[in-house]
Amino acid sequence: MAKKPTAHSRHRKDLSDMPDWMKKKACPDRHKYLSGKRVLPRNLTGKEKLADVVDDAFLAYNSGRLREACQLFTKKMLEPDVTVGMSLSGALTPAGLGCSSLVPLIKAGFVDWIVSTGAILYHDLHFALNYPVRMGSHTMDDTELRDNDIVRVYDVLLGYSDCLMATDEWLRDLLVGPEFQKEMGTAELHYLLGRHAAAWEKKAGLKDVSVLAAAYRAGVPCYTSSPGDSTIGMNVAGVELRGNKLRLNPAIDVNETTAFVLAAKRGGGRSGVVLWGGGSPKNFMLQTEPQIQEVLRIKEFGQDFFLQVTDARPDTGGLSGATPSEAVSWGKVDPTKLPDAVVCYTDTTIAMPIFTHYALAKHKPRKLKRLYNQRNQVLKALTKEYFIHNQVKMLDGSEPVY
């Protein structure tokens, strides 16, 4: 026996023979839902520009999200008043994405500050030092590779002695130098390394192959959220055993990155994030808003723009796959700005070159903000607002100085 429809059940009406005026009366919102661009792309010929292919043929599913990401970035996030933070995770530099994509984005002024895994920045140094990184195969015998002094990053091959070990030796020689004998944040560490990387680029007759060198030249501060979790950090720890005085203070990084976001808002501007992958760099970049609101108790509302490329699922509960709507509950994203939030589920190695090409094709370079040189200034402003909002004194009872 067939079930009887419940009171709240809805039956689809046959509108095929209904006049337009009756359709509008029966379905008053129908035209709103069907107001999108018609899916009827032209045949591809092979002569199109890549940016036009994105606009005209990336119409649905994750190609549609990549198109939305490209358009959001170029039409809104690259406005002069927007401060753009970019997080980086995954083995991007060994895959050549530093050279092909990140360096051009930095040079064009399309990224103002960076949070990266240490590994990405470590492997970036191979390129500055002109140590070859080569294409290989993911099917190679790893025992045989080890016997032949080679390490593998999926289908990328690096010499163990003449690339990894040589880079380590270069690092150790630098880290015991006089400019490193103090406490500092990772932005200063990477700025100093970037200065030397830029010199080695020039010495090798190379141009624009190193992210750290490009960031140094552009004044883009580069942070790593877990400084001990990379070969750079491992070498810092190694020379400490010999009495080296370099101390990395993560509190400096937390306060400086938070100050960049607050300064963008207090200066009448906006703040946005571009997140390549997830992990610790994503969290470190997004925690700036909870730091402002929850810890420092300063009134703020969240990031204005959220753009992520990830292959992580949201239903596992991990931060890597957490959506911008979930981030609203933490204060990380302004709830009124969710229309300006895009998540594309794909591989960064596919999306980043397309995204970079599109941005360079569609938007002229921006004036460099050179936030590295503004760290002290914005930190003083953050400190002042913290004490005003919290009405506290220094721990020793003295009045704050800012």
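Residues numbered from 1 in each chain as written. Predicted model: local features only at pLDDT ≥ 70, side-chain atom pairs only at ≥ 80, totals over all residues. Heavy atoms only, no water.

Engineer: Help me out: how do you make sense of the sheet that holds strand β3 (residues 133–135) in this one?
Structural biologist: Whenever strands of a sheet pair, they do so through backbone hydrogen bonds, lying parallel or antiparallel. Ordered in space as β3-β5-β4, the 3 strands form an open sheet in which the pairing is antiparallel. Every other strand in the sheet has two partners, leaving β3 and β4 (150–153) as the edge strands with one partner each. Averaged over all neighbouring strand pairs, the angle between strand axes comes to 30 degrees, with direction disregarded. Note: β3 against strand β5 (residues 156–159), 3 bridges, orientation antiparallel. (Pairing = 2+ DSSP bridges. Helix = DSSP H or I, 4+ residues; strand = E, 2+ residues; numbered from the N terminus. Axes fitted to C-alpha atoms, helices over the stretch in contact; angles between N-to-C directions.)

Engineer: What is the right way to read the side chain of serine 89 from this model?
Structural biologist: As for its placement among the helices and strands, serine 89 is situated in the loop between β1 (82–88) and α5 (97–107). Relative accessible area serves as the criterion here: at 14%, serine 89 is assigned to the buried category. A polar contact of 3.1 Å, which involves the side chain of serine 89, links it to the backbone oxygen of tryptophan 276. A polar contact is formed between the side chain of serine 89 and the backbone nitrogen of glycine 278, at a distance of 3.2 Å. Ignoring sequence-local partners within four residues, the contact set of serine 89 consists of Thr117, Ile120, Trp276, Gly277, Gly278 and Pro281. (Buried < 20%, exposed > 50% of the residue type's maximum accessible area, 1.4 Å probe, protein only. Polar contact = N/O pair within 3.5 Å; in protein donor to acceptor, adjacent residues only side chain to side chain. Contact = heavy atoms within 4.5 Å.)

Engineer: I tried to follow the sheet that holds strand β7 (residues 222–224) on my own but got confused; where do I start?
Structural biologist: Ordered in space as β7-β2-β1-β9-β10-β11, the 6 strands form an open sheet in which the pairing is parallel. Of all the strands in the sheet, the pair left with one neighbour each is β7 and β11 (341–345). Direction aside, neighbouring strands of the sheet carry axes that sit 15 degrees apart on average. Note that strand β9 (residues 270–276) and strand β10 (residues 305–310) share 5 bridges and pair parallel. Each bridged residue has a counterpart across the sheet, and for tryptophan 276 the counterpart in β10 is valine 309.

Engineer: Explain the environment of tyrosine 386 here, please?
Structural biologist: Residue position: tyrosine 386 is located in helix α17 (residues 375–390). Separated by 284 residues in sequence, tyrosine 386 and leucine 102 place their C-alpha atoms 34 Å apart. Setting aside its immediate chain neighbours within four residues, tyrosine 386 contacts Leu296, Ile298 and Val392.

Engineer: Looking at this structure, how should I read the nonpolar core?
Structural biologist: Note on soluble globular proteins: their nonpolar side chains tend to be buried together. One finds Phe73, Leu88, Ile106, Phe180 and Trp276 to be the most contacted residues of the largest nonpolar core, which totals 71 residues. If sequence neighbours within four positions are ignored, leucine 88 has contacts with Leu102, Ile114, Val115, Ser116, Thr117, Ile120, Trp276, Pro281 and Met352. (Core = buried A, V, L, I, M, F, W, Y, C linked by side-chain atoms within 4.5 Å.)

Engineer: What is the right way to look at the packing of aromatic side chains in this model?
Structural biologist: To describe a pair of aromatic rings, one takes the distance between the centres and the angle between the planes. Here the structure, examined in full by the defined rule, presents 10 aromatic pairs. Relative to phenylalanine 355, the ring of phenylalanine 73 lies with its centre 4.6 Å away and its plane at 45 degrees, an arrangement referred to as tilted. With phenylalanine 73 in helix α4 (residues 61–77) and phenylalanine 355 in helix α16 (residues 348–362), this residue pair connects regions lying 282 residues apart in the sequence. The exposure classification of phenylalanine 73 matches that of phenylalanine 355, with both residues buried. Taken together, a centroid distance of 5.3 Å and an interplanar angle of 85 degrees make the contact between tryptophan 276 and phenylalanine 355 edge-to-face. Pair noted here: tryptophan 276 is in strand β9 and phenylalanine 355 is in helix α16, with a separation of 79 residues, a long-range link. Exposure class is identical for tryptophan 276 and phenylalanine 355. Each is buried. Through a chain of ring-to-ring contacts, the aromatic side chains of Phe73, Phe110, Trp276 and Phe355 assemble into a single cluster. Over the face of the ring belonging to tryptophan 200 we find lysine 203, whose NZ or CZ atom lies 4.2 Å from the ring centre. (Phe/Tyr/Trp six-rings, centres within 6.5 Å; stacked < 30°, edge-to-face > 60°. Lys NZ or Arg CZ within 6 Å of the ring centre and 35° of its normal.)

Engineer: Which parts of the structure should I look at to understand the packing of helix α6 (residues 118–128) against helix α9 (residues 186–203)?
Structural biologist: Any two packed helices are characterised by the angle at which their axes cross and by the distance between the axes. Relative to each other, α6 and α9 sit at 20 degrees, their axes nearing to 9 Å. Here α9 runs roughly parallel to α6, going by the angle between their axes. Considering how the two elements wind past one another, α6 and α9 form a crossing that is left-handed. Between α6 and α9, the residues in contact are Leu121, Leu125 and Ala128 and His190, Ala197, Trp200 and Glu201, respectively. Here the contact of α6 with α9 is composed, by residue class, of 5 nonpolar, 1 polar and 1 charged. (Parallel < 35°, antiparallel > 145°, perpendicular 65-115°, else oblique. Left-handed = near helix turned anticlockwise from the far one by under 90°. Nonpolar A, V, L, I, M, F, W, Y, C, P; charged D, E, K, R; others polar.)

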